[in-house]
Amino acid sequence: MAFAAAPIWQVAALGMFLHQLGGGVGGQSCATICGNCLANCDRAKGMLVCESLAAGLLGMVGPMFSGWFLVNIMKVTDTPTDPNSIRPLFFITLTITIISLLVVVFKLSFAKWTTTNPKIKRNAIKDAVAILKADKNCVKWLFMAVVGNMPVAMVIPYVQLFAAETKNASAATLAGMVTATALTSVVCGYFFGVLGDRFGRKKILTLTVGLYLIGLVLLITTKSAAMLLVVGILQGFQEIGGPLAASIQNELVPHKVMGRWVGVVRFFSSMFSALMAALGGIVYDQFGGQWIFIIYIACEICIRMPLLFSLPETLHHQVDEDAFSDLDD
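Presented here is an overview of the structure given in this document. Values in this document were obtained by computation on a predicted structure and should not be read as measured data. Numbering of residues starts from 1 in every chain and runs along the sequence as written. For this predicted model, a pLDDT threshold of at least 70 governs which residues receive local features, and a threshold of 80 or more governs which side-chain atom pairs are given and counted, while totals over whole chains, interfaces and linings are taken from all residues. Side-chain figures throughout are based on the complete set of non-hydrogen atoms in the structure, without hydrogens or water.

Some points on the overall build of the protein
Cut-off, in case you're wondering: A run of H or I in DSSP counts as a helix once it spans at least four residues, and a run of E counts as a strand once it spans at least two, with each numbered from the N terminus. The size measure is the radius of gyration over C-alpha atoms, and the globule rule it meets is 2.2 Å times the number of residues to the 0.38 power. Relative accessible area decides the class of each residue, using a 1.4 Å probe on protein chains only: under 20% of the type maximum gives buried, over 50% gives exposed, and in between gives partly exposed.
On a plain count of helices and strands, the protein comes out with 12 helices and zero strands. Its C-alpha atoms give the protein a radius of gyration of 20 Å, within 12% of the compact-globule value 20 Å for 329 residues. Principal-axis analysis of the C-alpha atoms gives the protein an extent of 60 × 40 × 35 Å. Looking at the 329 residues of the protein, the share that counts as buried comes to 43%.

Here it is in structure tokens:
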């Protein structure tokens, strides 16, 4: 609603804040449900069914429709610059979101997995510290999650802007890039989930990160509109890597602390992303958009990948339940 009705950029900024807040809480709920409902041997492909059929398929239809709507209804022939030309898209999205809300309220079954006594008052800070002290892999994962969440604030918001301003991409090309990203999820998502459940999460997550980074390098260097569509395809591996990373995250702790663990990771990664969003805007304006992507690529290569290689393969990982005993009550 804030995006759709925004008369000034400050209201649009409020819309971005609310969008990130809602997406973060919704993502935490999603991860907790998948973490508890799916068996270890099926978790990667189970989570990527959602990515392929829901996020992927609808993510492909959405930009195709928006591109058609902008070109044929709003008569946009180049990169959209008038806010009123894209305002109707937010009203359409608002309608679909309200329908989703009704489905969640009336159709999503209630389930509770925690063994914690609800009458006991918990200290969120103490619980977070206890989880991180219980297993050093949780500390490693916290740093990995911070880097893995950087694209949300520092890469994805600028890909389309960079393509439009620096590569002169048209509205049709921009829509095609987003469609190509979603198509990658539809075509490859479940397949990569099967590979993750068969050969291990670490190997397949490394592959998806590598393909995503190649896409960013192409975005920086290419001068071809056709190659921008290839960039869009490779961007889709970030969407596939998200559920793969979440499957690893869910397998580092017992089910009884899943919600609190996801909350700890979400808190730190979101706080860091907020700082990166501010930094990203400064870097883009002062030094150029390519440096945003270069900084992220360096963080992946120098921080996240070495930590990933140091983690145990979680496909058959047995969590030490006793290490988390302080969180029982």
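Describing the pattern of salt bridges
Rules: By salt bridge we mean one thing: a side-chain nitrogen of Lys or Arg within 4 Å of a carboxyl oxygen of Asp or Glu.
Taken as a whole and judged by the stated rule, the model has six salt bridges. In this structure, lysine 45 and aspartate 197 form a salt bridge, with 3.3 Å as the shortest nitrogen-oxygen distance. In this pair, lysine 45 is assigned in helix 3 (residues 43–73) and aspartate 197 in helix 8 (residues 171–199), connecting sequence segments 152 residues apart. The class for aspartate 197 is buried, based on a relative accessible area of 10%. As a salt-bridge pair, aspartate 197 and arginine 201 come within 2.2 Å of each other at their nearest N and O atoms. Residues participating in the shared-partner salt-bridge network are Arg43, Lys45, Asp197, Arg201 and Glu251.

Here we look at the packing of helix 5 (residues 124–134) against helix 11 (residues 258–286)
Defined as follows: Between N-to-C directions, angles span 0 to 180 degrees; the directions come from axes that are lines fitted to C-alpha atoms, helices contributing only their stretch in contact. An angle below 35 degrees is treated as roughly parallel, one above 145 as roughly antiparallel, one from 65 to 115 as roughly perpendicular, and anything else as oblique. Here a residue-residue contact requires only that any non-hydrogen atoms of the pair lie within 4.5 Å. Charged residues are taken to be Asp, Glu, Lys and Arg, nonpolar residues to be Ala, Val, Leu, Ile, Met, Phe, Trp, Tyr, Cys and Pro, and polar residues to be all remaining types, Gly included.
At a closest axis distance of 10 Å, the pairing of helix 5 and helix 11 adopts a crossing angle of 95°. In terms of their interaxial angle, helix 5 and helix 11 are classed as roughly perpendicular. Seen from helix 5, the contacting residues are Asp127, Ala128, Ile131 and Leu132; seen from helix 11, they are Arg260, Trp261 and Val264. Looking at side-chain class alone, the contact of helix 5 with helix 11 contains five nonpolar, no polar and two charged residues.

Topic: helix 6 (residues 136–148)
Spelled out, the test is: Take the number of residues in a helix, subtract one, and multiply by 1.5 Å to get its expected span. Nitrogen and oxygen atoms within 3.5 Å of one another constitute a polar contact, given that in protein one can donate a hydrogen and the other can accept it, and given that sequence-neighbouring residues count only through two side-chain atoms.
With 13 residues, helix 6 should cover 18 Å at 1.5 Å per step; its first-to-last C-alpha distance of 18 Å lies within 8% of that length. Within helix 6, 10 of the 13 residues are buried, leaving the element largely enclosed by the surrounding structure. Here helix 6 has its buried residues at Asn137, Cys138, Lys140, Trp141, Leu142, Met144, Ala145, Val146, Val147 and Gly148. Where helix 6 is buried, its residues contact helix 5, helix 7 (150–165), helix 10 (225–250), helix 11 and helix 12 (289–310). Between a side-chain oxygen at the N-terminus of helix 6 and the backbone nitrogen of asparagine 137 the separation is 2.9 Å; the capping residue is aspartate 135.

Let's talk about a nonpolar patch on the surface
Quick reminder of the rule: Only residues above 30% relative accessible area that lack a salt bridge enter a patch, with like-charged residues linked at up to 9 Å and the nonpolar side chains Val, Leu, Ile, Met, Phe, Trp and Tyr linked at up to 5 Å. For the area figures, the Shrake-Rupley method with a 1.4 Å probe applies, and any residue is considered shielded solely by the protein chains shown.
A contiguous nonpolar surface patch, about 480 Å² in accessible area, is contributed by Leu14, Phe17, Leu18, Leu21 and Val25. Mapped onto the fold, leucine 21 is located in helix 2 (residues 9–37).

Considerations on unusual backbone geometry
In the Ramachandran plot, lysine 75 falls in the positive-phi region, its phi being about 60° despite a non-glycine side chain. Within the fold, lysine 75 resides in the loop between helix 3 and helix 4 (83–107). Positive phi, close to 55°, is recorded for asparagine 168, a residue that is not glycine.

Side note on the nonpolar core
Just so we agree on the cut-off: To qualify as a nonpolar core, a set must consist of buried Ala, Val, Leu, Ile, Met, Phe, Trp, Tyr and Cys residues joined through side-chain atoms within 4.5 Å.
Ile131, Trp141, Leu216, Val253, Trp261, Phe293 and Phe324 are the most contacted members of the largest nonpolar core, which has 63 residues in total. Setting aside residues up to four positions removed in sequence, tryptophan 141 forms contacts with Ala245, Ile248, Gln249, Leu252, Trp261, Val265 and Leu311. Counting residues in each nonpolar core, the second largest holds five residues, with Leu70, Val76, Leu89 and Ala171 among its members.

The values are spatial; any link to function lies outside them.
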